[in-house]
Amino acid sequence: MKGILYFFLLLFITGSFGMKPKKPATQEIEGLFYYDQTPVRIEIAEGKIIRVTRIKALQPKDKDLYIGPGLIDNQVNGYTGVTFSLGDTRFTAEDVQKVNKALWQAGVTSYLPTLRTNSKENLLRNLAVLKAAKQDPASRGSIAGFHLEGPYISPEDGYRGAHTLSYVRKPDWNEFMDLYEASGGNIVQVTLAPEIEGVLPFIKQCREKNIIVGLGHHNASIKQVTEAVDMGAGICTHLGNAMANTIKRHENPLWSQLSEDRLMISIIGDGFHLLPEEIRVFYKVKGPLRTIITSDVDRYAGMKPGKYLNAEKDTIELTPDGAVMYVARNSLSGSASPVTKGVANVMKVTGCTMAEAFRMGSTNAARLYGLNDRGELRPGMRADIILFKMEDDKIHIKKTFVAGEMVYDSDK
Ligand SMILES: [Zn+2]
């Protein structure tokens, strides 16, 4: 009797799990393809895109629904009340998960948490937390690596931006190696100033480790910019920002970096950090293949408009259209708009196509950081997909998929 029971139990188990391997479940998503705005069906299996097919039409209710690759943001200092890089602020791995979820809601499927100039002790601690969060399966691979902005930048007012002066220092390879180790080898970009003593060999060493070197928060001469690029610097971080209000008319960081064809640029496209005219000029010079749209967002992003107190107990106001204002000085105090807003705004002010906007908001970053399974929608790529509508020149995210799994649905 017992033998017969075992037999049936075995039959049950093998029948349901082992004997007949099931074809992996596929799912289908339809939308107007971001590249040419024609209707397509994308088939996904095991987290990857397996087929992209042209179809005649979308369901009537989805007739204006676009489909594009998830956005990739290379500068996220914080989000939704969490900051990664202000002074002694502590954050936990759970805080990072909160940021992931809020970014998915904005259509960002990969990003670089960014740590600004800080003490070695704080950087070591924060990198260790980020490393743990990156490894956590709950992040679904959305954390693509870390961006270290500073501490090897210009101490000059204006160029230093909001970075803390007492922590600004000269490059130190041994210190950097300690940080790199604490990050689990996950620092993929360092932003530094080319005019700082000791920077050139430092850039060379970074490139030997395949770390992207960004030039930013600097007041370098043309010669210094050229030398840094000769050593392997590849991108200019948030061009047009972190500069003094008054600059030299000829020798300033704008001309040297715009005229250097070997440099890509990142620009904060939110509509507050650069004038439409600046975005237009930068885009005309660098074009869609050498421009990356970034956000530089921090803790106020994803929060309700209103007044808040910052760490120094100053009043900060988040306006309904997404500007972060330092009320006492009536000046901008960082960014609160996800890169999604920047992508739409750059499309609006430059008149570029949706394909070019996604090139700058997703593909270029994927290529720069070697994320070869992301940034495009074609067979073999990770199914990082957004469904969205365009209303009043803005992108409204409807659904977000990371590795084929729906992580955000605006209807729920
Ligand atoms: Zn900056």
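Not measured: the values here are computed from a predicted model.

1. Re the sheet that holds strand S18 (residues 331-335)
Then comes step 1: In space, the four strands of this open sheet follow the order S15-S16-S17-S18, with antiparallel pairing throughout. The sheet terminates laterally at strand S15 (306-309) and S18, the two strands that pair on one side only. With direction set aside, neighbouring strand axes in the sheet form an average angle of 35°.
Then comes step 2: Summarising the sheet, strand S17 (residues 323-326) and S18 pair through three bridges and their orientation is antiparallel. Within S18, the residue paired with tyrosine 326 across the bridge is serine 331.

2. With respect to the environment of glutamate 278
Then comes step 1: Here glutamate 278 lies in helix H8 (residues 276-286).
Then comes step 2: What makes glutamate 278 partly exposed here is its relative accessible area of 25%.
Then comes step 3: Once the C-alpha coordinates of glutamate 278 and threonine 353 are considered, the two residues, 75 residues apart in sequence, prove to be 18 Å apart.

3. Here's the deal with the pattern of salt bridges
Then comes step 1: If you walk through the whole model with that rule in mind, you get 22 salt bridges.
Then comes step 2: Notably, a salt bridge pairs glutamate 197 with lysine 170, separated by 3.2 Å at the nearest N-O pair. Of this pair, glutamate 197 sits in the loop between strand S10 (187-192) and helix H5 (199-208) while lysine 170 sits in the loop between strand S9 (146-149) and helix H4 (173-182), and the two are 27 residues apart along the sequence.
Then comes step 3: Residue class for glutamate 197 comes out exposed when judged on its relative accessible area of 57%.
Then comes step 4: One connected set of salt bridges, linked through shared partners, spans Glu28, Glu30 and Arg41.

4. Some thoughts on the sheet that holds strand S1 (residues 26-33)
Then comes step 1: Reading across the sheet, the seven strands line up as S3-S2-S1-S4-S19-S20-S21 and stay open at both edges, with mixed pairing between neighbours. Two strands lie at the open edges of the sheet, namely strand S3 (48-54) and strand S21 (405-409), each paired on one side alone. Across this sheet, the average inter-strand angle for adjacent strands is 35°, counted without regard to direction.
Then comes step 2: Of the pairings in the sheet, the one linking strand S19 (residues 385-391) to strand S20 (residues 394-402) comprises seven bridges and is antiparallel in character. Looking at the pairing, methionine 390 lines up with isoleucine 395 of S20.
Then comes step 3: Along the sheet, helix H9 (residues 339-350) contacts S19 and S20; its crossing angle with S20, the most-contacted strand, is approximately 135°.

5. Quick look at the environment of methionine 231
Then comes step 1: On the secondary structure map, methionine 231 appears in helix H6 (residues 222-231).
Then comes step 2: By relative accessible area, which is 32% here, methionine 231 ends up partly exposed.
Then comes step 3: Considering only alpha carbons, one finds methionine 231 and lysine 398, 167 residues apart in sequence, at a separation of 43 Å.

6. Overview of the environment of methionine 390
Then comes step 1: Along the chain, the position of methionine 390 falls in strand S19.
Then comes step 2: Measuring from C-alpha to C-alpha, the distance between methionine 390 and tryptophan 255 comes to 35 Å, with 135 residues separating the pair along the chain.
Then comes step 3: Every residue in contact with methionine 390, bar those within four places of it in the chain, is listed here: Tyr66, Met347, Met354 and Ile395.

7. A closer look at the domain arrangement of the protein chain
The accessible area lost on association of the parts is a frequent measure of interface size.
Then comes step 1: Each assigned domain of the protein chain is listed here: domain 1 (23-67 + 378-409) and domain 2 (70-368).
Then comes step 2: A C-alpha centroid distance of 29 Å is found between domain 1 and domain 2.
Then comes step 3: Across the boundary between the two partners, domain 1 contributes 22 residues, which contact 20 residues of domain 2.
Then comes step 4: Taken as a group, Tyr34, Ile386 and Ile395 account for 27% of the area that domain 1 buries against domain 2, more than any other trio of residues on that side.
Then comes step 5: Where domain 1 touches domain 2, the interface holds one salt bridge.
Then comes step 6: Arginine 140 is paired through a salt bridge with glutamate 405; the nearest N and O atoms lie 2.9 Å apart.
Then comes step 7: Per-element accounting of the side of domain 1 that touches domain 2 gives the leading share, six residues, to S20.

Criteria and cut-off values
Residues numbered from 1 in each chain as written. Predicted model: local features only at pLDDT ≥ 70, side-chain atom pairs only at ≥ 80, totals over all residues. Heavy atoms only, no water. Pairing = 2+ DSSP bridges. Helix = DSSP H or I, 4+ residues; strand = E, 2+ residues; numbered from the N terminus. Axes fitted to C-alpha atoms, helices over the stretch in contact; angles between N-to-C directions. Buried < 20%, exposed > 50% of the residue type's maximum accessible area, 1.4 Å probe, protein only. Salt bridge = Lys/Arg side-chain N within 4 Å of Asp/Glu carboxyl O. Contact = heavy atoms within 4.5 Å. Domains from an automatic or database assignment. Buried area = accessible area lost by both parts, 1.4 Å probe.

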